[in-house]
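Chain by chain, the residues run as shown.
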Amino acid sequence: MRARYQSLVDSMVDVAYTLDVETGKFTFVNAAVADMFGIPPEKFVGTHFLELIAPESAEEVRNTTTREYDPSDTGTFTRFSMVGAGGAVRHVEVRARRWVDGEGRVVSTGVIRDVEERFQLERRLDSEMNRLRSIVESNGALIVLVDHALDVAMVNSGFTALTGITTTDAVGRPLQEILPCPLDPARTKRSRFAVRRRDPSGRERLIAITATPATDAEGTVSSIMLLGVDDTERREAEQALYNAERFATVGEMASTMAHEISQPLQVINIACASALDEFVLASEQGGQPDPAFVQGKLDRIAQQVDQASRIIGDLRAFVRGTSSDTPEPFDPNEAVRRAIDLTDHGLGEAGMTLQERLDAPLPTVLGDAGHLAQVLVNLLNNARDAGGSIISIATGTVQENGRTFVRIAVEDSGHGIPSDILPRLFTSFVTTKPSGKGTGLGLRICRRILEEMGGRITAANRAEGGARFEILLPSQ
Ligand code: ADP
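The paragraphs below set out a description of the structure included in this document. Remember, predicted model here, so these are calculated numbers, not experimental data.

1. Looking at the packing of helix α13 (residues 369–385) against helix α14 (residues 442–452)
Each pair of packed helices can be summarised by the angle the axes make with each other and by the distance between the axes. Direction vectors running N to C along α13 and α14 enclose 150°, while the axes themselves pass 10 Å from each other. In terms of axis orientation, α13 runs roughly antiparallel to α14. Relative to α14, the crossing made by α13 is left-handed. For the pair formed by α13 and α14, the contact residues are H371, L372, Q374, V375, N378, L379 and N382 on the first element and G442, L443, I445, C446, I449 and L450 on the second. Across the contact of α13 with α14, the residue classes break down as 8 nonpolar, 5 polar and no charged.

Okay, here's the thing in structure tokens:
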């Protein structure tokens with residue numbers, strides 16, 4: 001029985017021991033000591049336990065082992081370091097319990113478990129966690145982790161800096177309470193959106209957020225990581241560029257405007273004069289003015305007033321810029337017509353013929369009609385400056401990867417785009433126009449506007465001469 005018991009104890013990986021509390025010496029150990037401490041059990045017995053404690057743990061161990069014996073003592077569970085085989089310091093966990101043996105001596109029986117590997121793993125994990133935390137904390141970005149119910153699980157200091165909401169206040173609350181946003185909890189693909197929020201100083205901030213869902217084995221969303229960057233300054237700088245370009249264009253359009261308004265005024269003037277003549281003539285002849293004639297003149301006047309108001313409205317919309325930040329569906333042909341209204345006089349004065357081929361009806365696109373008109377005015381003005389005689393603007397639809405896109409093409413018969421600037425036409429502020437005439441801003445801003453609408457713009461020189469700009473916008 002005793003032999004069986006001994007072999008069972010010897011088969012343990014952990015060291016099992018009995019120790020005389022008074023002398024501090026081991027009175028029994030199992031075979032595992034040979035592996036852990038490099039000493040065979042028969043030599044180990046009689047060793048003082050403190051000899052095996054690593055210096056950094058000596059005081060702590062001495063403190064717990066010198067306590068008085070108390071029969072109600074339920075035992076200890078401690079973690080410290082011991083000197084193992086070959087002098088290597090190893091972390092161990094010790095469970096021990098005191099009792100009084102048959103000879104009336106207080107003994108301690110316990111188990112020593114080598115946890116060095118686990119300790120090293122935990123340490124590595126800790127340092128990994130710290131490294132991750134420092135990345136999460138140091139990049140200035142706002143990070144929020146939400147669970148599948150969109151309750152906040154974690155926020156970083158970037159979030160607190162931008163919103164003034166601390167980690168303790170944020171964790172556990174529904175995301176919509178602390179950061180209202182159009183996040184769909186069922187969406188398994190990455191999504192992007194922008195939210196506006198006041199920072200602790202009361203300034204409105206625009207935060208561009210990328211939401212990346214993590215899915216479990218069944219493909220359902222288990223958590224979503226929101227990574228946000230403060231886009232306020234970039235947006236403001238961009239807005240300033242839009243405005244600079246828009247006002248430069250408005251200046252260029254002044255002659256168009258003068259003409260567009262003076263022409264209806266002249267027509268109105270003539271119509272008024274002939275209506276008045278009719279009245280004068282009728283009264284001289286003692287008769288009545290011809291009602292159909294007078295009505296015709298009044299209709300003409302009303303028509304011209306409409307035309308002038310439309311032009312003024314277009315210009316107003318153009319100067320005002322963005323009407324709203326929320327994109328709305330609109331008919332792209334409407335933006336094309338607006339751009340033509342704003343430029344055709346200037347084109348005519350430059351001796352150019354404008355050909356329109358507008359496919360109608362076109363599917364709607366999502367964005368801002370005023371912004372698209374701004375892009376087209378820029379393309380038409382560039383085409384005018386390219387020195388040809390014919391400009392064409394055409395709209396239609398194309399299919400790409402199963403989706404319908406609206407295509408708007410502006411072509412001219414000018415000198416074409418210089419080959420050295422063609423590759424960077426939309427990326428840097430390049431201009432070949434004399435100072436005061438060109439800013440080099442236009443095409444870069446065009447690209448930005450179109451990208452915001454989910455579309456794109458390309459440019460090429462045509463084989464028959466002149467340039468061709470093509471815009472593709474996803475239909476709704
Ligand atoms: P800007 O008109 O102020 O120069 P843009 O960004 O609109 O700025 O255009 C940049 C340059 O691209 C122009 O200076 C011109 O050299 C070239 N470019 C643009 N459109 C055309 C075109 N239709 N034909 C030839 N060159 C063009």
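2. Describing the side chain of S57
Along the chain, S57 falls in helix α4 (residues 55–65). Setting aside its immediate chain neighbours within four residues, S57 contacts F80 and S81.

3. So, the pattern of salt bridges
Tallied over the entire structure, the rule returns 28 salt bridges. With a closest N to O distance of 3.5 Å, E122 and R79 form a salt bridge. Of this pair, E122 sits in helix α5 (residues 116–138) while R79 is found in strand β3 (residues 76–83), placing the two residues 43 residues apart along the sequence. Among the residues examined, R79 registers a relative accessible area of 33% and is labelled partly exposed. For the salt bridge of R234 with D231, the shortest nitrogen-to-oxygen distance reads 2.8 Å. With a relative accessible area of 37%, R234 lands in the partly exposed category. Owing to a relative accessible area of 9%, D231 belongs among the buried residues under this scheme. The network of salt bridges with shared partners includes D199, R203, R205, D230, E233 and E236.

4. Topic: the sheet that holds strand β5 (residues 106–114)
Spatially, the 5 strands line up as an open sheet ordered β2-β1-β5-β4-β3, and their pairing is antiparallel. Each edge of the open sheet is held by one strand with a lone partner, namely β2 (25–29) and β3. Each strand axis lies, on average, 35° off the axis of its neighbour in the sheet, ignoring direction. Of the pairings in the sheet, the one linking strand β4 (residues 89–100) to β5 comprises 9 bridges and is antiparallel in character. Looking at β5, one finds that R97 is bridged to T109. Across the sheet, α5 touches β3, β4 and β5, and the angle it forms with β4 is around 125°.

Rules and cut-offs
- Here, residues in each chain are numbered from 1, in the same order as that chain's written sequence.
- Only residues with pLDDT of at least 70 get local features here, since the model is predicted, and only at 80 or more are side-chain atom pairs given and counted; chain-wide, interface and lining totals rely on the full set of residues.
- The side-chain quantities take in all heavy atoms of the structure and omit both hydrogens and water.
- To define axes, lines are fitted to C-alpha atoms, for helices over the stretch in contact only, and angles between the resulting N-to-C directions are given on a 0 to 180 degree scale.
- A run of H or I in DSSP becomes a helix once it reaches four residues, and a run of E becomes a strand once it reaches two; helices and strands are each numbered from the N terminus.
- Here the angle decides the label: under 35 degrees means roughly parallel, over 145 means roughly antiparallel, 65 to 115 means roughly perpendicular, and every other value means oblique.
- By the definition used in this description, the sense in which the near helix is turned from the far one sets the handedness, with an anticlockwise turn below a right angle giving left-handed and a clockwise turn giving right-handed.
- Any two residues whose heavy atoms approach within 4.5 Å at even a single point are treated as in contact.
- In this count, Pro and Cys sit with the nonpolar residues alongside Ala, Val, Leu, Ile, Met, Phe, Trp and Tyr, while Asp, Glu, Lys and Arg are called charged and the others, Gly among them, polar.
- Counted as salt bridges are all cases of a side-chain nitrogen of Lys or Arg within 4 Å of a carboxyl oxygen of Asp or Glu.
- Here's how the labels work: a residue is buried when its accessible area is under 20% of the maximum for its type, exposed when over 50%, partly exposed in between, all with a 1.4 Å probe on protein chains only.
- Any two strands with at least two DSSP-identified bridges between them are counted as paired.

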